[in-house]
Amino acid sequence: MKSFRIIIFTLVVLTSCKSDDFISVTKTIEAPEQIEVNEPFEVKLILTNNTTAHLPLTLDQDITKSIHLMPHWYCGDEYLSDRTPNPKDKIHTYYSVELAPKESLTFDLMAELSVFSNGDSLRLVIDNYEKDFKLANPNCENFNLTLGGMWIPGNGPFGDSMEGYDFKTKIKIKPPAN
């Protein structure tokens, strides 16, 4: 009976905590429609509260630790597989924010797609992100990147599947001059 009370108490405590509301926040990514290899470009991640309520969010002070990027590369309609290892575990420094109605948070990131390894590979680097994305150079005229990912809540609901936390945009890549 005592263990049953402990389980009930734990469930009440876990379900009564105010958790992040990333489902209600509009998640947007802004990036150029076209980028050039070996030229830096800006990416903006925007969280907007389009509701009438205050929404609690918990973010890392280094915003790149609050997102998981998942770029997808295409040559025309053909999906190209990248060669990116999984990142190491991260140490977080969280802070909480109440996003007021009609208020937005914008995070500016710099990125660059560059040629490396004697020109046979490409590497996408996003400042302060824990990994670089590497891809065999496709030498493709119709080369595209769908830059997407998802927000990782610092205080997500118990058992949260994090569906609906995603963002993405399509970017055309101008082939490098040979």
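Note: the structure precedes this text.
Since this is a predicted model, take the numbers as computed values, not measurements.

A. Layout of the overall build of the protein. Looking only at helices and strands, one finds one helix and 13 strands in the protein. Each helix and strand of the protein, ordered N terminal to C terminal, gives the series α-β-β-β-β-β-β-β-β-β-β-β-β-β. Here the protein, with 178 residues, has 34% of them falling under the buried criterion. For the protein, long-range pairs separated by at least 24 residues make up 72% of all intrachain contacts whose partners lie at least 6 apart in sequence. Total accessible area computed for the protein in this model is approximately 10400 Å², and 51% of it derives from carbon and sulfur atoms.

B. Local environment of the state of the cysteines. Counting across every chain of the model gives one disulfide. Covalently, Cys-75 is tied to Cys-140 through a disulfide, its sulfur atoms 2.1 Å apart. When the S-S torsion is 95°, as for the bridge of Cys-75 with Cys-140, the disulfide is right-handed. In this pair, Cys-75 is assigned in strand β6 (residues 72-75) and Cys-140 in the loop between β11 (133-136) and β12 (143-151), connecting sequence segments 65 residues apart.

C. Molecular detail of the nonpolar core. The biggest cluster of nonpolar side chains holds 39 residues, and the ones touching the most others in it are Leu-47, Trp-73, Leu-124 and Trp-151. The contact partners of Leu-124, leaving out residues within four places of it in the chain, are Phe-41, Pro-71, Trp-73, Ala-111, Glu-112, Leu-113, Asp-132, Phe-133, Leu-145 and Leu-147.

D. Layout of the sheet that holds strand β9 (residues 104-116). Sheet architecture is open: five strands sit in the order β1-β3-β9-β10-β11, paired in antiparallel fashion. Edge strands, defined here as strands with exactly one partner in the open sheet, are β1 (25-30) and β11. Taking each pair of neighbouring strands and ignoring which way they run, the sheet shows an average axis angle of 20°. Sheet topology note: the β9/strand β10 (residues 121-126) ladder contains six bridges and is antiparallel. Pairing of Val-115 across the sheet is with Leu-122, part of β10.

E. Quick peek at unusual backbone geometry. You will see that Lys-102, though not glycine, has its phi angle at about 65°, which is positive. If you trace the backbone, Lys-102 turns up in the loop between β8 (94-99) and β9. Positive phi is not limited to glycine here, since Asn-139 has a value of about 45°. Inspection of the secondary structure assignment puts Asn-139 in the loop between β11 and β12. On the basis of relative accessibility, which here comes to 61%, the residue Asn-139 falls in the exposed class.

Analysis parameters
Residues numbered from 1 in each chain as written. Predicted model: local features only at pLDDT ≥ 70, side-chain atom pairs only at ≥ 80, totals over all residues. Heavy atoms only, no water. Helix = DSSP H or I, 4+ residues; strand = E, 2+ residues; numbered from the N terminus. Buried < 20%, exposed > 50% of the residue type's maximum accessible area, 1.4 Å probe, protein only. Contact = heavy atoms within 4.5 Å. Areas by Shrake-Rupley, 256 points an atom, 1.4 Å probe, with all protein chains shown as cover. Disulfide = S-S within 2.5 Å. Core = buried A, V, L, I, M, F, W, Y, C linked by side-chain atoms within 4.5 Å. Pairing = 2+ DSSP bridges. Axes fitted to C-alpha atoms, helices over the stretch in contact; angles between N-to-C directions.

The analysis is restricted to geometry; functional conclusions fall outside its scope.
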